[in-house]
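The lines below spell out each chain.
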Amino acid sequence: MQSSPVIIPLDVPKDKRKKYLHNYELVTHRTGRLMLLAGDQKVEHLNDDFYGESIASDDNNPEHLFRIANKARIGAFATQLGLIARYGMDYPKIPYIVKLNAKTNLVKTMQKDPQSSLWYKVEEIERFQKNSDLHIAGVGYTIYLGSEYESDMLHQAACLTYWAHQYGMLSIIWGYARGRAVKNEKDAHLIAGAAGVAACLGADFVKVNHPHAENSATALKEAVAAAGRTKLICAGGKEENAQTFFQTLHDQLHIANTSGSATGRNIHQRPLDEAIRFTNAIASLTFDAVSVTEAMRIYHE
Amino acid sequence: MQSSPVIIPLDVPKDKRKKYLHNYELVTHRTGRLMLLAGDQKVEHLNDDFYGESIASDDNNPEHLFRIANKARIGAFATQLGLIARYGMDYPKIPYIVKLNAKTNLVKTMQKDPQSSLWYKVEEIERFQKNSDLHIAGVGYTIYLGSEYESDMLHQAACLTYWAHQYGMLSIIWGYARGRAVKNEKDAHLIAGAAGVAACLGADFVKVNHPHAENSATALKEAVAAAGRTKLICAGGKEENAQTFFQTLHDQLHIANTSGSATGRNIHQRPLDEAIRFTNAIASLTFDAVSVTEAMRIYHE
Amino acid sequence: MQSSPVIIPLDVPKDKRKKYLHNYELVTHRTGRLMLLAGDQKVEHLNDDFYGESIASDDNNPEHLFRIANKARIGAFATQLGLIARYGMDYPKIPYIVKLNAKTNLVKTMQKDPQSSLWYKVEEIERFQKNSDLHIAGVGYTIYLGSEYESDMLHQAACLTYWAHQYGMLSIIWGYARGRAVKNEKDAHLIAGAAGVAACLGADFVKVNHPHAENSATALKEAVAAAGRTKLICAGGKEENAQTFFQTLHDQLHIANTSGSATGRNIHQRPLDEAIRFTNAIASLTFDAVSVTEAMRIYHE
Amino acid sequence: MQSSPVIIPLDVPKDKRKKYLHNYELVTHRTGRLMLLAGDQKVEHLNDDFYGESIASDDNNPEHLFRIANKARIGAFATQLGLIARYGMDYPKIPYIVKLNAKTNLVKTMQKDPQSSLWYKVEEIERFQKNSDLHIAGVGYTIYLGSEYESDMLHQAACLTYWAHQYGMLSIIWGYARGRAVKNEKDAHLIAGAAGVAACLGADFVKVNHPHAENSATALKEAVAAAGRTKLICAGGKEENAQTFFQTLHDQLHIANTSGSATGRNIHQRPLDEAIRFTNAIASLTFDAVSVTEAMRIYHE
Amino acid sequence: MQSSPVIIPLDVPKDKRKKYLHNYELVTHRTGRLMLLAGDQKVEHLNDDFYGESIASDDNNPEHLFRIANKARIGAFATQLGLIARYGMDYPKIPYIVKLNAKTNLVKTMQKDPQSSLWYKVEEIERFQKNSDLHIAGVGYTIYLGSEYESDMLHQAACLTYWAHQYGMLSIIWGYARGRAVKNEKDAHLIAGAAGVAACLGADFVKVNHPHAENSATALKEAVAAAGRTKLICAGGKEENAQTFFQTLHDQLHIANTSGSATGRNIHQRPLDEAIRFTNAIASLTFDAVSVTEAMRIYHE
C-alpha cells in the first residue's frame, strides 16, 4: 500500500506532533489506512452480540476480544476504558482506541431520540495512558445527527477531538444519522453529510454506515470526497458469507477509495482461531490491498 | 475458599495499588468473593423495609444495621455517607462501601423513568476517609439501563469507577434494567447485558438481580461469563424460608459461579441476634463454601 | 432538660469539631433540643403569610421577624441570606440558620412537581460568616421526596450537609413528601420515610410535618426512631388556640420524643409583644420541658 | 429630599464598603431614591419600542439612549454590556447598571413559561469595570416568579446579588410574576410578594409593576412595606399624557412611599430634547420631591 | 471606500487593543466593511449545498473553500475549527473566523425549536491561534431568537463576545429569528430586532437575513440603524443570475448602508475559477464601492 505523508492537524501542539504521528502510523501501519476492531457492543447491544445461537461460545467472555486483537493483525482495537483497564496488563501490545461514549439499545428511537454522553474527559484518558503505559492511540465518539440531542453530541465531539489532538492522540468519530427526523439512515447523500460533519469536527477518521444503494461502493464516493482530509472508514456488508463480505470491503477500498474498515460482530462472533484468520484477511485487504481471492486464501489458511 | 490472585485494574495508579489490594482483600477476606450487607434501603424504599408487621422492631433504628455489621461476619456494609458519618465512630472496624446515589420509590416508572444522581464526588469520599480514619473500602452506584436518563447514569458510573480507582478504592455497580422500555427486568439475557455494561464501566463488582427462569442458577451463567473479570454478585432469592434462601445462594455460587452475594432486607428485618446468625451463615456460604446444611447449622446455632 | 453529649459526625474535620460543637450547643441551649423560628415564608408563600385580615400589621415589615428573634428566647432563626445581610448589623446576637433554597407557591403540583434549587454554595455562606461576624450556626434546605426533581434535591442536600460539616456548621433538612406521585403528604409512615432519608443525608436535624393520624404524637414515634441520631423536629399543630398548639407540641416532645420544634406563622403573625411571649412559651416547652399550664402562663404573662 | 444613612449590607466585605457606599450615593444622589433610565428593551421587546409610528425617529439609534443619559439628570442608566462597551468611551460620566439577563418577547407565555438566563458572571463585570474605567455602579436581573423556570432564576438572582456585593456593586432586581400559573400579574398582593422575594434575595432595589387597583398608589403600600430595607421602585403609569404620568409617579413616591422610578419607553420614544426635559422632570420628582406642577414646568421649560 | 476610524469596544483590554485593531483592519481592508466567505454549511445543510445537479463537482471537496479563500479577495473565511486545523497549514494567509456553533438541518422547527450549542470556549480558540500561527481574526455564533432555547444561545453569544474581545478577537453574530413562535423570519422589523439584539450582545458584526419586502434595501435601513455601532452585513439575494445578485448587494450597501456581505453557496457552488471571479466582484462591490457594471466586468474577466 503506498501512503501519502500524514498531515498533522494544527490543533496538535508542536511538542505533541511526534506523538500524534507515532499514533497515526501505529494504527495505519504507515499505509494511511485504518483497520479497526470495533468492540464497543457490550454496551451498545448489551449481550445480544455475544451470546446466542449463531455466536461462538468464546464470544461471551470479554477476553475473547483481547485475544483476537492480540493475535490477529489489526490497526487498533476500540473498546471501553473499563475493559482495557481490566485486561490491558495481559495485552500490552495492542493499540487501543478508547470509545468515550456509549448507550444501550433498550430505549428505541420511537420512544426517545438517541442520546449518548461522554464518559470521561480526554484528560482522564491521558492520565490513564501515562499510568498504564498502554498504547492508547486515540479516542472514539458516536454522534447521532438528526437526534434532538444532537447539539450536546456535536459539542462533546468537537471538544473531545480538540483535546485528543492537544494530547497527541487521534480522534475517531462514528457518524450516524438517527432520530425521529431521519427517514433513511443508509441514504448515501445523508452518509456524505455525516462524513462532512466529522471533517468539520476535526476527526482524523470517520466511521460511517455502508449506504443502501444499487451500486453502494459508487454511492459511497460522495462521502469519501465530502470528508476531505478526514479519512473515511466503513463497515463491511452484512455477513452472508466471507466472500461477499470481502468483496464489499474491496469495493469500498478500491471503488469508493475509503481509508479502511471497522468490523465488530463479523469478527468476534467467530471462534478465536477463525476470528483471527478472518481479521487477518481484512487487514490484508486494508493494509496490503490484496485481492478478494487472496483474502479468502488467508481466511482459509 | 481458594482464591486466584487479585488483578489490579490499570486505572489504579502505581502508588495506590497497595491500597487497592488492601481494600480488595479486606472485603473479600482474600477469597475473591464478596459478601455485601446492603443497607441503602432507607432512601430506596423509605421506611417500608424497616417498619411493619413482619419486621423486627429493632429494624426501625438505623443503628440496627451497624450492630449487625459490627457483630456478624461480613465482607462490607454498603450504606449512605450520612449514616456512616453519624455512627461510624462507634463502629470503626466495619469495612464500608459508600453508596453514592439513591432515589426513593415514590415516583413509579409509569410516571417517569428512574433517575438517580451522584450525591458526592469520589474526591469528597476520599476526604471523608482521611478525616474519619474509617475503612472506606469503596463506593457503590446504581445504574438503570433502559431508563431515559441512562446516559447521565452511565457517565456518572464511569467517572466514579475511574476516580475510585485513582484513590485506590473499589467500585461496585448495582446494574439493573428498568424503565418504560424494559419489559422483563429479570430476564437472564438482559441481566447478562447489565453485567457486561458494568465490565465496560470498569466495576470491580456488579450486583445484579437473580433471574426469573426455570433453572435460574444455570441461567445466571451467561451473566457471570459476560462480566468477565468484573466479579458478579447477586441477591439471594425472596425469603420464603432460610433453607430455600441458602440453597438459592449456594446454587448461584456453585452452579453459576458467582462471586458472592448482596443481602439487605433478608438480614436486617430480623431481630439482632437472629440477623447476626443469618448473616454468618451467608458469610460461610460465600467465604468458606460451606454446604446448605452447614449454613442452616450456623443459622440455628 | 437533661442532655446527652453531642455526637459530632465524622464528616466534621478534626479542626472544626470545636466550632461544630459550639454551634450545636448554641442552637440547642445544651439541651439536645432545637427551637427554630422558621422565617423563610416570604419566598415560600410570598406575602400571603405576612399581610391579611387575621395577621398583625407588624408582620408585613421583614424586621418584625428579627425583632422577635432578638427579644424572644429561641434556638435559631432560619431565613434567607438577603434578609440576614440587610438586618443582621442591628441584630448581631441572633443565632442564624441560612435557608439555602426556596420556591414560591405559584406553580402548583398539578402543573409541575416542586423544584427548589440551592441559592448559594456553603462556601459562600462561610465567607459571609467570616465577613459579617454573625452567628451563622448552620444551613437549611428543603427536599421534596416524590417530586420528579427529587434527584437534584437529594444531590444538593447531601452536598450541602457534607460541606456545612466541613466548615463546622449544622445542616437542617426540611423533609417533605410532595409531588403528583404523593397521595397523602401527612401519612405517618411516609413522614418516617422522609426522616430516614434525612438521616442518610447526614442532617443534624430534620424538620417534618406533623402527621395526620388519630393519635398523631404516637404515630410520630416511627419517624423519630427512623431518624436515628438525626434529631427530628416538628411544627406544632394548626393554630386554633394557644392551648391546643402547646398541647400538640408537648405531646410531640414527650410522647413522640421529638427533639424540638420549628414554628413560623404561628409566631410572626402575632403583634410583636404577643409573638415574643408565644415564642418564649414554645422555648420553655422545648428547652425546659415545662407543662402546658406553665407554657400558657408564660404566654399570658 | 432628606435621606436616611445608607445601610450597607453585611455581604459587602469590609474593604468594599466604601466602594458600595460610593455607588449607592452615586445613583441615589444621596437622597436614598433611585431614578433609573431603563434601557434594556432592545432585547426584551426587539425593535418594537424603538421604531414605529408614534416613536421619534431618534430612537432607532442605540446612541439615543446614551445621549439622554448623558445630558439629562438621572440616577443610573441600565442596559446591556454590549452597548455600554460600544458607546461608553464617548459617555464616560454616566453611572451604569449592567442588566445581566434578557429574553425576547417572541415566545409567549402560553407557549412556554418565561426563562431568562444570566449572560455574564459578576466577576466578568468587575473585570470590565476595571478595564473600562466606567462607572459601573451595579448589576440588574429580572426574575419571573411563577414561571416553571423560577428555580433557575432565583438561584442566579441570589448569586448575582451576593457577588455584586462582594465587589462593592449594587444589585437591582426586576421582580415580576409571570407564567401560566399567574392569573393577574398586576395584583397588588402578588406585587408585594415579589417585593418580599427581592428582599430575601438581598437586592438593594426592586423594580416592580405598578398595580392595577382602584387606588393603585395606596395598594402599592403593601409592597413597599414587604420589601423592608430593600428599596422599591416602580414604573410610572402608561403614558397617556405627561401630567397623568407625573401624577402617578408623585403618588407612588408620596402616598406609597416608593424609593424612586424606572422609566424606559416613556423617555426614549421622545425626540432627544423632549426626552431630556421629560427625564429631568422625573428626576426632580424623584430626587427633589417637587410637585407635579413643577415637574410640568421643567418638562415644558 | 472611505472609512471612519475603528471604535474599539471597552471590553477589549488595553493590552489587546492593538491586536483587536489589527484583526478589524485585516478583515475590513481598512474600509470599515466586511466581506465574509461563509463556509459553515457542511454542518448546517449537511451535503445538500456541496453535491448535486446544479453544483460544481469541485464543491464536494472541502478544500474547494480554502482554494477560493486563498486565491480570491475576501475579508475573512468563516468555517469550523476542524477544517481550519486540517487545511490551514496549506493556506496560512487566509484570515479566519472560527464558527463556534452549528447544527444540522435534520430536525425541523415543527419537531423542535432550533438549538445550537457552543463547540469550544474562546480560550481554546486562543490556544489554537497561538499554536497554529494562523490569522484567527475572530469567532462566529448563530442565535435563533424566538426559539425555546433562546436563553442558552443568548448566554453563550454574550459570553463568547466578551471573551473574544478579552483576547483581542472579533465577534460576529449570525442573528436569525426562528422557532415555532416566529411567523415570518424575513420580516424587516423582526430583522431589525435581531440586529438590535446583536448590538446588545456586543457583536462587532451581525449577519442578518435579507428582508422580504417590496423595497427590500429600503426596508433594511431600520436594521442598520438599530444595530448602531455594531456593523450589519447581509447575504445577497437568491442567485438567479449574477447581475441581480450584485444589484441586490449594491442596493444593500448604498441604499441600506450595510457594512458588507456574507456569501456562501452563491460562491462555492461554482467551479474554482468562476468562484474566484465571483468573489472578487463581491469584494470590489464591498471594499471599493464599485458599480454593478464594474462588478460584472470583474466577474466575466
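Note on numbering: residues in each chain are counted from 1, in written sequence order. Chain labels run from A onward and ligand labels from 1 onward, assigned in the order the entries are written. Reporting in this predicted model follows two pLDDT cut-offs: at least 70 for local features of residues, and 80 or more for side-chain atom pairs to be given and counted; totals over whole chains, interfaces and linings ignore these cut-offs and use all residues. Only hydrogens and water are set aside; all other atoms, that is, all heavy atoms of the structure, feed into the side-chain values.

Caption draft 1: Just the interface of chain E and chain D, in detail. Any two residues whose heavy atoms approach within 4.5 Å are treated as being in contact. Contacts between chain E and chain D engage 47 residues on the former and 41 residues on the latter. Put simply, buried area is how much 1.4 Å-probe accessible surface two parts lose in total, over both of them, once they are put together. Around 3,500 Å² of area is buried between chain E and chain D when both sides are counted, 57% of it from carbon and sulfur atoms. On the chain E side of the contact with chain D, Leu10, Cys200 and Arg229 of chain E bury the most area, a combined 23% of that side's loss. The salt bridge definition used is simple: a Lys or Arg side-chain nitrogen within 4 Å of an Asp or Glu carboxyl oxygen. Applying the counting criterion to the chain E and chain D interface returns four salt bridges. Asp133 of chain D is the partner of Lys14 of chain E in a salt bridge, and the nearest nitrogen-oxygen pair spans 3.7 Å. Any pair of nitrogen or oxygen atoms within 3.5 Å is treated as a polar contact; in protein, a donor-acceptor pairing is required on top of that, and neighbouring residues in sequence qualify only through side-chain atoms on both sides. Our count for the contact surface shared by chain E and chain D stands at 24 residue pairs in polar contact (both at pLDDT 80 or more). Strands here are runs of E lasting at least two residues and helices are runs of H or I lasting at least four, both read from the DSSP assignment and numbered beginning at the N terminus. Of all elements in the fold, only α6 (150–166), α7 (188–201) and α8 (216–227) of chain E reach the threshold of two or more residues within the side of chain E that touches chain D. The classification used treats Ala, Val, Leu, Ile, Met, Phe, Trp, Tyr, Cys and Pro as nonpolar, Asp, Glu, Lys and Arg as charged, and all other residues, Gly among them, as polar. Within the side of chain E that touches chain D, the residues separate by chemical class into 26 nonpolar, 12 polar and nine charged.

Caption draft 2: Quick peek at the interface of chain E and chain A. Counting residues at the interface gives 41 residues for chain E, matched by 47 residues for chain A. In total, about 3,500 Å² of surface goes out of reach between chain E and chain A, with carbon and sulfur atoms giving 57% of it. By the criterion of area lost to chain A, the three top residues of chain E are Arg86, Trp119 and Asn131 of chain E, representing 22% of everything that side buries. Counting across the interface, chain E meets chain A through four salt bridges. Summed over the shared surface of chain E and chain A, the number is 25 residue pairs in polar contact (both at pLDDT 80 or more). Those elements giving two or more residues to the side of chain E that touches chain A turn out to be α2 (41–44), α4 (81–87) and α5 (122–132) of chain E. Split by residue class, the side of chain E that touches chain A holds 18 nonpolar, 12 polar and 11 charged.

Caption draft 3: Main features of the nonpolar core. Ranked by internal contacts, the top residues of the largest apolar core, which has 545 residues, are Phe246 of chain A, Phe246 of chain B, Phe246 of chain C, Phe246 of chain D together with Phe246 of chain E. With residues up to four places along the chain from it excluded, the contact list for Phe246 of chain C reads Phe278, Ala281, Ile282, Leu285, Val292, Ala295, Met296 and Tyr299 of chain C. By nonpolar core we mean a set of buried residues, namely Ala, Val, Leu, Ile, Met, Phe, Trp, Tyr and Cys, connected to one another through side-chain atoms within 4.5 Å. Categorising residues by exposure relies on relative accessible area from a 1.4 Å probe, with only protein chains included: less than 20% of the type maximum marks a residue as buried, more than 50% marks it as exposed, and the intermediate range marks it as partly exposed.

Caption draft 4: Layout of the side chain of Gln166 of chain C. Its place among the elements puts Gln166 of chain C in helix α6 (residues 150–166). Here Asp11 of chain C takes part through its backbone oxygen, which lies 2.9 Å from a polar atom of the side chain of Gln166 of chain C. When near neighbours in sequence (up to four residues on either side) are disregarded, Gln166 of chain C contacts Arg127 of chain B together with Asp11, Pro13 and Lys16 of chain C.

Caption draft 5: How the structure looks around the relation of the copies chain E and chain A. The transform that puts chain E on chain A rotates by 72° and translates by 0.0 Å along the axis, for an RMSD of 0.0 Å. Such a turn and shift between the copies fits a five-fold axis. Alignment of copies: least-squares fit on C-alpha atoms of residues with pLDDT of at least 70 in both copies.

Caption draft 6: Representation of the confidence of the model for chain A in the model. With 98% of its residues at a pLDDT of at least 70, chain A reaches an overall mean of 96. Under the prediction, the complex receives an ipTM of 0.96, its pTM being 0.96. Each residue gets a pLDDT score, which is the predictor's confidence in that residue and runs from 0 to 100.

Caption draft 7: Geometry of the pairing of strand β8 (residues 260–263) of chain C. Residues and elements named next belong to chain C. Every second residue of β8 is oriented toward a common face, with Gly260 and Ala262 on one face and Ser261 and Thr263 on the other, all of them buried. Bridge count between strand β1 (residues 34–38) and β8: four bridges; the pairing is parallel. Within β8, the position partnered with Leu34 by the bridge is Gly260. One bridge is not enough; two strands pair if DSSP finds at least two bridges between them.

Caption draft 8: Examining the environment of Lys121 of chain B more closely. Residue and element names in this part refer to chain B. For Lys121, the position within the fold is in the loop between β3 (95–99) and α5 (122–132). Note on Lys121: relative accessible area 53%, which makes it exposed. For the pair Lys121 and Leu100, spaced 21 residues apart in sequence, the C-alpha to C-alpha distance is 8.3 Å.

Caption draft 9: Region of the structure containing the pattern of salt bridges. Going through the model one piece at a time under the given rule, you end up with 94 salt bridges over all chains. Between Asp90 of chain E and Arg229 of chain A there is a salt bridge, with the nearest N and O atoms lying 2.7 Å from each other. You can see Asp90 of chain E sitting in the loop between α4 and β3 (95–99) and its partner Arg229 of chain A sitting in the loop between α9 (221–227) and β7 (231–234), one on each of two chains. Given a relative accessible area of 41%, Asp90 of chain E falls into the partly exposed group. When its relative accessible area of 16% is taken as the criterion, Arg229 of chain A is described as buried. Its salt-bridge partner being Arg180 of chain D, residue Asp113 of chain D comes within 3.3 Å of it at the nearest N-O pair. Here the residue Asp113 of chain D occupies a position in the loop between β3 (95–99) and α5 (122–132), and Arg180 of chain D occupies one in the loop between β5 (170–177) and α7 (188–201), the gap between them amounting to 67 residues.

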